[in-house]
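So you can see what is in the structure, the chains are spelled out below.
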Amino acid sequence: MREIKFRAMTLNGNWVEGLLSHTELKSVAGGDTGYFISNQSGMPFAYHVRPKTICQFINLTDKNDIEWYVGDIGEFDNGDRFILRMEEWLEVFVEWIGEPECEDQARDLCRISSATRTGSIHDTK
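In this text the structure is predicted, and so the values were computed from the model without any measurement.

Draft legend 1. View of the confidence of the model for the chain. Looking at the chain, pLDDT values average 79 and 75% of them are 70 or higher. In this model residues 27-31 is a low-confidence stretch, pLDDT under 50, and it forms 3 contacts with partners more than four residues away in sequence or in other chains.

Following this line, the structure appears as structure tokens:
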């Protein structure tokens, strides 16, 4: 069985990739919910991450072999830009930024492999 990989920002503002877990944290002030990303090298620790920055890997890469995650921003060679989004029913789709020259470029998500990842919606927050 293949495990699903995620990327998220730690509480210190660094990006980490790995497996996602959800747990109840024990603290002096009482229980709190926490999300953690553990790296895939088998290290015995995990990074506490900001829940709103959790992005799922979609098993595709851009033209520079950089992995695509939900929330990533990409650009085609002609300047058309997009954001990868996920519907409530877990379907990944492209949301265009501005007025694209050719909207059908990413009708098939495999075509985003010819685009370049330029950032994430979380990079500016």
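After that view of the structure, there is still more to cover.
Draft legend 2. Main features of the packing of aromatic side chains. As enumerated under the stated definition, the model contains 5 aromatic pairs in all. Here F57 and Y69 contribute two aromatic rings whose centre-to-centre distance is 5.4 Å and whose plane-to-plane angle is 45°, an arrangement assigned as tilted. Residue F57 is located in strand β5 (residues 55-61), and its partner Y69 is located in strand β6 (residues 67-69); the two are separated by 12 residues in the primary sequence. Side by side, F57 and Y69 carry an identical accessibility label, which is buried. Grouped by ring-pair contacts, the aromatic residues W68, F76, F82 and W96 constitute a single cluster. Above the plane of the ring of F57 lies K5, whose end atom (NZ or CZ) is 5.0 Å from the centre. Taking the ring centre of W15 as reference, the NZ or CZ of R7 above it sits at 5.3 Å.

Draft legend 3. Molecular detail of the side chain of T53. Looking at where T53 falls in the secondary structure, it is placed in the loop between β4 (46-49) and β5. Overall, T53 belongs to the buried group, its relative accessible area being 8%. Here T53 is in contact with R7, A8, M9, W15 and H122, once residues within four sequence places are set aside.

Draft legend 4. Up close: the sheet that holds strand β9 (residues 92-97). On the basis of which strands lie adjacent, the open sheet formed by 4 strands has the order β9-β8-β7-β10 and antiparallel pairing. This sheet does not close on itself; its edge strands, each paired only once, are β9 and β10 (116-120). If you compare each strand with its neighbour and ignore which way they point, the axes differ by 35° on average. Pairing of strand β7 (residues 72-75) with β10, which is carried by 4 bridges, proceeds in the antiparallel orientation. The residue of β10 that forms the bridge with I73 is G119.

Draft legend 5. Focus on the nonpolar core. Counting 11 residues, the largest nonpolar core consists of I58, W68, V70, F76, F82, L84, V92, V94, W96, I112 and A115. Counting residues per element, the ones that place at least two in this core are β8 (81-86) and β9. L84 has contacts with I58, W68, Y69, V70, G71, D72, V92, F93, V94, L109 and I112, leaving out every residue within four places of it along the chain. Among the nonpolar cores identified, the runner-up in size contains 5 residues, and F6, A8, V16 and I37 belong to it.

Draft legend 6. Inspection of the pairing of β7 at higher detail. As paired strands, β7 and β8 are joined by 3 bridges and run antiparallel to one another. Among the inter-strand pairings, G74 is bridged to a residue of β8, identified as F82. In textbook terms, the turn of a hairpin is the stretch between consecutive antiparallel strands, and for β7 and β8 this stretch comprises 5 residues, one of which, G79, has a positive phi near 95°.

Analysis parameters
- Residues numbered from 1 in each chain as written.
- Predicted model: local features only at pLDDT ≥ 70, side-chain atom pairs only at ≥ 80, totals over all residues.
- Heavy atoms only, no water.
- pLDDT = per-residue confidence, 0-100.
- Contact = heavy atoms within 4.5 Å.
- Phe/Tyr/Trp six-rings, centres within 6.5 Å; stacked < 30°, edge-to-face > 60°.
- Helix = DSSP H or I, 4+ residues; strand = E, 2+ residues; numbered from the N terminus.
- Buried < 20%, exposed > 50% of the residue type's maximum accessible area, 1.4 Å probe, protein only.
- Lys NZ or Arg CZ within 6 Å of the ring centre and 35° of its normal.
- Pairing = 2+ DSSP bridges.
- Axes fitted to C-alpha atoms, helices over the stretch in contact; angles between N-to-C directions.
- Core = buried A, V, L, I, M, F, W, Y, C linked by side-chain atoms within 4.5 Å.

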